[in-house]
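Overview (structure and organization)
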Amino acid sequence: MASHALRRTRRTRTAVALAASTGLSYGGVESGGFWEGKTRTALQALLHAAALDGRPPAELFRWTLDPTAAADAVAILTGSTRAATGWAESLEAMIDSDPKTRDSIWQGVSLSLSALADPRVLDAVSPGAGEDFDPEKFILSRGTLYLLATGAGAGASAALVAAFVEDLVEAARRVAARSPGARLDPPLLLALDEIANLSPLPSLPTLMSEGGGTGITAMPVLQSLAQARDRWSENQANAIWDAAITKIVLGGASNSRDLQDLSSLIGERDEFTDSVTLGDHGTRSNQRSVRRIAIMPPERIRTLPFGTAVTLLRAAPPIVTDLRAWPARADADQLKTDRAEIEALLRTAREVAQERGGRVGGQAAGGAALDEFVAQLLHLAVQHLQLGADLGDD
């Protein structure tokens, strides 16, 4: 029973991440939160049915395209003693609802797994024998996982990557709960570079506030707070910012509201002004006045030079920090060698993907979409790897 409940929890977390990728709750859609909730409920039932009956991702994708095809999922849930209570009835009610409501729900369902329309993406999430990934075993083996994804283009797979990360986080929580002190040792680091460019992680606000207590450290890297507000909500973006123990602020921001807030957060200092007044008969009067001014006004924060940051650490005063580019590290030569190997590996993967893309379906359009996806992946990886070297050379 415990293992069945565990699997249902994983389906729910995956469904939450996939539903969040639709952007219904933050994209200005009327009653978006309601439709995202319906999408989440339908997805968790479809995922649960596919897992119970061992259906491949291609079958799951077929269910998301047509609500009438999802009747198979209802039959699976109804006939299985391991199915979650009420999930079959909930899915059936959505399928049998009036056409307008049903189509609105299924629009979100199909959108959440639209990446599977790309043959290469579908192939990547259809593991062969011996290719299964167990997140708990991976965490216990103290491995390192690198995820690259694109949030735009024909091969956008950001939603699947977000769902994968959510599954990994849920597994880390379970492992931590069974560990001494309910903490992971060594801790798990989630280095979420440019996370707002992908699908929003629904659990990130909670992770920022309580993840450290279980040994799960989240390190999101954002272009701006406005970007966080756009991907999450105003309150959730504020929660992410407030829960960050260490905040590292770089120059270049241009949102006047955020710059003013940062200036206020850094604080004020006393500025002394001396003045001399000459009287009619040559008398001299010296006066000193004190006023409070910002330690770092908004324009000063915006124009912070490259390699300089302002670090806000818990209750400590602001720290002006000199950053060190990775080419200045002692192991820079090894890092450059590793970068060259990764670039070569990615180029080889691109050539293989082009060859396989030509064989999948035999359609030029499919091959072009595949090539775009792999090209974006290659560009993203090389861009991130090259950035440190370029800045270091400057």
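Residues numbered from 1 in each chain as written. Predicted model: local features only at pLDDT ≥ 70, side-chain atom pairs only at ≥ 80, totals over all residues. Heavy atoms only, no water.

1. Examining the packing of helix α3 (residues 57-65) against helix α6 (residues 99-112)
It is at 8 Å that the axes of α3 and α6 come closest, and there the two elements cross at 150°. With respect to α6, the axis of α3 lies roughly antiparallel. Crossing handedness for the pair α3 and α6: left-handed. Here Trp63, Thr64 and Leu65 of α3 come into contact with α6, specifically with Trp106, Val109 and Ser110. Residue composition of the contact of α3 with α6, grouped by class: four nonpolar, two polar and no charged. (Axes fitted to C-alpha atoms, helices over the stretch in contact; angles between N-to-C directions. Helix = DSSP H or I, 4+ residues; strand = E, 2+ residues; numbered from the N terminus. Parallel < 35°, antiparallel > 145°, perpendicular 65-115°, else oblique. Left-handed = near helix turned anticlockwise from the far one by under 90°. Contact = heavy atoms within 4.5 Å. Nonpolar A, V, L, I, M, F, W, Y, C, P; charged D, E, K, R; others polar.)

2. Some thoughts on the sheet that holds strand β6 (residues 308-313)
What the three strands build is an open sheet, ordered β3-β6-β7; its pairing is antiparallel. Two strands bound the open sheet, and with one partner strand each, they are β3 (246-250) and β7 (319-322). Mean inter-strand twist for the sheet, computed between neighbouring axes without regard to direction, equals 35°. (Pairing = 2+ DSSP bridges.)

3. Here we look at the nonpolar core
Within the largest apolar cluster, 38 residues are counted, with the highest numbers of intra-cluster contacts made by Leu18, Leu46, Trp63, Leu77, Leu91 and Trp106. Contributing elements (two or more residues each) for this core: α1 (2-20), α2 (32-53), α3, α4 (71-79), α5 (87-95), α6, α7 (119-124) and α9 (158-177). For this core, the element with the highest residue contribution is α2, accounting for nine residues. When near neighbours in sequence (up to four residues on either side) are disregarded, Leu46 contacts Leu60, Trp63, Thr64, Ala70, Ala73, Leu91, Trp106 and Val109. Listed in part, the 28 residues of the second largest apolar core include Ala171, Leu188, Ile195 and Ala228. (Core = buried A, V, L, I, M, F, W, Y, C linked by side-chain atoms within 4.5 Å. Buried < 20%, exposed > 50% of the residue type's maximum accessible area, 1.4 Å probe, protein only.)

4. Remarks on the pattern of salt bridges
Two side chains carrying opposite charge are able to pair once their charged atoms lie near each other. Scanning the entire structure with this criterion turns up 17 salt bridges. Between Arg292 and Asp270 there is a salt bridge, and its shortest N-O distance comes to 2.8 Å. Placement of the pair is Arg292 in strand β5 (residues 284-294) and Asp270 in strand β4 (residues 268-278), with a sequence separation of 22 residues. For Arg292, a relative accessible area of 48% gives the class partly exposed. A salt bridge links Asp331 to Arg329; the nearest nitrogen and oxygen atoms lie 2.9 Å apart. (Salt bridge = Lys/Arg side-chain N within 4 Å of Asp/Glu carboxyl O.)

5. With respect to the pairing of β7
Across four bridges, the pairing between β6 and β7 is antiparallel. Bridge pairing links Thr311 to Ile319 in β7. The turn joining β6 and β7, which pair antiparallel and follow one another in sequence, is formed by five residues; a positive phi near 45° is taken by Arg314.

6. Comments concerning the environment of Ala75
Within the secondary structure, Ala75 sits in helix α4. Here the alpha-carbon distance between Ala75 and Glu92, two residues 17 residues apart in the chain, equals 9.3 Å.

7. Some details on α6
With 14 residues, α6 should cover 20 Å at 1.5 Å per step; its first-to-last C-alpha distance of 20 Å lies within 8% of that length. Taken together, the buried positions of α6 are occupied by Ile105, Trp106, Gly108, Val109 and Ser112. Down the axis, α6 shows its buried residues gathered within 150° of arc, on one side only. Turned more than 90 degrees away from the buried face of α6, the exposed residues are Pro99, Lys100 and Gln107. (Expected span 1.5 Å × (residues − 1). Arc of directions from axis to C-beta.)

8. Brief notes about unusual backbone geometry
Going from Asp185 to Pro186, the amide bond is cis rather than trans, its omega being 0°. As for its placement among the helices and strands, Pro186 is situated in the loop between α9 and β1 (188-193). In the Ramachandran plot, Arg142 falls in the positive-phi region, its phi being about 60° despite a non-glycine side chain. Structurally, Arg142 is set in the loop between α8 (135-140) and α9. Of note, Ala182 is a non-glycine position whose phi angle comes to about 55°, a positive value. As for its position among the elements, Ala182 is in the loop between α9 and β1. Take Ala182: its relative accessible area is 36%, and that puts it in the partly exposed class.

9. Digging into a nonpolar patch on the surface
On the surface, Phe133, Leu145 and Leu147 cluster together to form a nonpolar patch covering roughly 230 Å² of accessible area. Take Leu147: it is sitting in the loop between α8 and α9. (Patch = residues over 30% accessible without salt bridge, like charges linked within 9 Å, V, L, I, M, F, W, Y side chains within 5 Å. Areas by Shrake-Rupley, 256 points an atom, 1.4 Å probe, with all protein chains shown as cover.)

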